[in-house]
Number of protein chains: 2
Amino acid sequence: MKHLYLLGAAGSIGRQTLDLVSRFPEQFKIIGLSLGSQQQINEEILKTHHAKIVCLRSSENINLYQSLYPDTTFVVGNDGLMAIAAYPDQGVFINALSGSAGLKPTIKAIESKKDILLANKETLVMAGEIVRKKIKEHQVSLYPIDSEHNALWQLIDHEDKNDIEKIIITASGGALRHLTRDQLKHIKKEDALKHPNWSMGAKITIDSATMMNKGLEVIEAHYLFDLPYDKIETLLHEESLIHGMIQLKDGSLKALLGNADMRMPILYALSYPNRAKQSLSPFELTDLHFKKMDFNRYPLLKLAYEVGIKKGLLPTVMNAANEAAVKLFLEDKISFLDIEKIVIEEVNAFQNINNPSLDDIIQCDDMIQKKVFDYKKKR
Amino acid sequence: MKHLYLLGAAGSIGRQTLDLVSRFPEQFKIIGLSLGSQQQINEEILKTHHAKIVCLRSSENINLYQSLYPDTTFVVGNDGLMAIAAYPDQGVFINALSGSAGLKPTIKAIESKKDILLANKETLVMAGEIVRKKIKEHQVSLYPIDSEHNALWQLIDHEDKNDIEKIIITASGGALRHLTRDQLKHIKKEDALKHPNWSMGAKITIDSATMMNKGLEVIEAHYLFDLPYDKIETLLHEESLIHGMIQLKDGSLKALLGNADMRMPILYALSYPNRAKQSLSPFELTDLHFKKMDFNRYPLLKLAYEVGIKKGLLPTVMNAANEAAVKLFLEDKISFLDIEKIVIEEVNAFQNINNPSLDDIIQCDDMIQKKVFDYKKKR
């Protein structure tokens, strides 16, 4: 029986994780979780999973919930997330939060000797080096839940690392993949949110359309697998059936295929080092297509390689500017192409520093996000 | 430095193996080899690779060769093949012979404590159970060289066998894949010999067009990987870029991709358990397509599953009838569809026996091949 702490339980990854916990009650048990802002979903989760500690977004309903679930400790907000991360019982800490808010709880959970399953890319993009050090220091494991890195992990796990020539991250191309850059000028939010293959949250769906998501994944892969950027390639593959590939020194390629069903990578990560004995999503082979990645069409992906190599605070700047810009786009305040423009401008304008501390990173994230929001207000 | 014995050195697999030996002289050395019937190729090989023991097809040129290469022991014919298999020095025995002639030397090499690299499918089709027993008894390894099984080996090698739901052998469909069964009636040898992806010997190219080759591979896979037939699937994949796939219990699929270049699986097998540090055939991803296998279009593949499950002498009967029928087709004595007709008739007419001895198998092979040739002569 594995004990689980789940941040972001009400989000897409979170709810799919809870679905797996319900399906395999003899294998997994939720000890702590954090809820979202939709009351109906929150109540559904509270009814089904009797956690010892639950974090609420706000203290609004805390008295009601406390009377309904007297055995549960309720905590609130960012401090609440930290309390779950620091909870004294052992267990696996699953970070399915969206955005830069995921960083601090991950660090705290590592310091509390919890193994980490990471769906929050921002943790590694912003503080990859610090996280790597902390993991070594506290002797815990960190494994990826998102489908691409999970696939790469499944492939790399069995290989001699010296045999790996490069890893290949596939990209569906997102909602707007069949449009030229010219056609992107007047894109509406609704169009950018129509992901052809994956059902995900709004932020990551927009990031897929701008290819920022793939850029974040490149940086994430660099820290997860300790590989230089010239060994991390991206490839367009519209069907999202091949989730990752590794090319070996002798020219052979190994690929991991599966349906676009996030429960598969989550279940793999939850079950590791064993493998689940049944499939929730039987796979049918259909046509597969590949296309070379076009960096002119997707400048944010190019940028991610650049800031990844330069390190320091630049990955945080890129991530923060993007996080704020996507929010503005989703609020109909900027155009689709403005997202790229803002992110590139912020990165170019920033005076980078080397070896930032965790505080530097968190301050920088805050500062850039505020700057992008303010800048927009002024216009 | 690995010492190698190579049967079938003048054939397609054999010459590609010699190419690798020439490229990596510090890693591999030929100790023994068998030549073919083309004098020019034979002389080229003798000049380049100074083997201790060489087997000639006939004794025609033996005196000439002996005077040119006084340090080499020359042997002749089937007895010569057995002498190489029994050669007292340790080394890896590579069986790249075509057809049922490969069986006896493989057994002898196992008995002489040599590890086996097998390109000769017939060895396992005819005597899979005996070979498996001999390998255990003499504690040697047997690994596949042909691209499909080599790919499956690379994938299976790293997995817990209990996690494997099934293995998937891909098939290009061979030279006539775009024709209906009706259009096959008047097929000429030249058409059936035009394989779209692989450059191989005539027998295996015809076997690809009839799908007999995939049928032999199914049976080979059963013995190589000790998997029941309901865990061995075949799938049409025209590009021959995915050479093998395994489906795991949780629904994930792992695939091995590479160019249609036989040197890659040969080099992998020669280098095992290490992996070669350079690629001879850099891989470019292009379009990949899959199609369900159609057993009505390819009745010999269906037959292979049936005789595989029934065991005994039936796999030998199927293989022998096919070997003889392909020979007749290549001599313009029967039509393309006659190949299937003859193989199916011979299998249906045969009174099977269980647990045949090696002698039973070799006699049966001989008897069926003669029967198919005689039957044709009488017409």
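Residues numbered from 1 in each chain as written. Chains lettered and ligands numbered in written order. Predicted model: local features only at pLDDT ≥ 70, side-chain atom pairs only at ≥ 80, totals over all residues. Heavy atoms only, no water.

Engineer: Can you break down the interface of chain B and chain A residue by residue, with the values?
Structural biologist: Contacts between chain B and chain A engage 35 residues on the former and 35 residues on the latter. Taking both partners together, chain B and chain A bury about 3,300 Å²; carbon and sulfur atoms supply 54% of that area. Linking chain B with chain A are four salt bridges. The salt bridge partner of Asp163 of chain B is Lys277 of chain A, with a shortest N-O separation of 2.5 Å. There are 14 residue pairs in polar contact (both at pLDDT 80 or more) connecting chain B and chain A. Put simply, the parts of the chain that give the side of chain B that touches chain A at least two residues each are helix H7 (147-156), strand E10 (242-248), strand E11 (253-257) and helix H11 (263-271) of chain B. Looking at the side of chain B that touches chain A, the element that brings in the most residues is E11 of chain B, giving five residues. (Contact = heavy atoms within 4.5 Å. Buried area = accessible area lost by both parts, 1.4 Å probe. Salt bridge = Lys/Arg side-chain N within 4 Å of Asp/Glu carboxyl O. Polar contact = N/O pair within 3.5 Å; in protein donor to acceptor, adjacent residues only side chain to side chain. Helix = DSSP H or I, 4+ residues; strand = E, 2+ residues; numbered from the N terminus.)

Engineer: How would you explain the domain arrangement of chain A if you had to name every residue and give the values?
Structural biologist: Residues and elements named next belong to chain A. By domain assignment, chain A separates into domain 1 (2-144), domain 2 (149-310) and domain 3 (312-379). On a C-alpha basis, the centroid separation for the pair domain 1 and domain 2 is 25 Å. Taken together, the contact pairs 24 residues of domain 1 with 28 residues of domain 2. Overall, the association of domain 1 and domain 2 removes approximately 2,400 Å² of surface from exposure, summing both partners, and the carbon and sulfur fraction of that is 68%. (Domains from an automatic or database assignment.)

Engineer: Tell me about the pairing of strand E2 (residues 28-34) of chain B, residues and numbers included.
Structural biologist: Residue and element names in this part refer to chain B. Among the seven residues of E2, six are classified as buried, and the element is accordingly described as predominantly covered. Two elements, strand E1 (residues 2-7) and E2, share five bridges in a ladder whose sense is parallel. Bridge pairing in E2 links Leu4 to Ile30. With helix H1 (residues 12-23) bridging E1 and its parallel neighbour E2, the resulting β-α-β unit is right-handed. For E2 and strand E3 (residues 53-56), the ladder comprises three bridges, and the chain directions are parallel. Note that in E3 the partner of Gly32 across the bridge is Ile53. Crossover connection from E2 via helix H2 (residues 39-48) to parallel E3: handedness right-handed. (Buried < 20%, exposed > 50% of the residue type's maximum accessible area, 1.4 Å probe, protein only. Pairing = 2+ DSSP bridges. Right-handed = clockwise from strand over helix to strand, strands pointing away.)

Engineer: So what's going on with the sheet that holds E2 of chain B? Which residues, and what values?
Structural biologist: Residues and elements named next belong to chain B. One open sheet holds the seven strands; their spatial order is E4-E3-E2-E1-E5-E6-E7, and the pairing between them is parallel. Looking at strand neighbours, the two that pair on one side only are strand E4 (73-76) and strand E7 (142-144), the edges of this open sheet. This sheet shows a mean twist of 25° between the axes of neighbouring strands, independent of strand direction. Judged from the four bridges that link them, E3 and E4 form a sheet pairing that is parallel. Looking at the pairing, Leu56 lines up with Val76 of E4. In the packing of helix H4 (residues 77-85) onto the sheet, the strands contacted are E1, E2, E3, E4 and strand E5 (92-95), and the crossing angle to E3 comes to about 160°. (Axes fitted to C-alpha atoms, helices over the stretch in contact; angles between N-to-C directions.)

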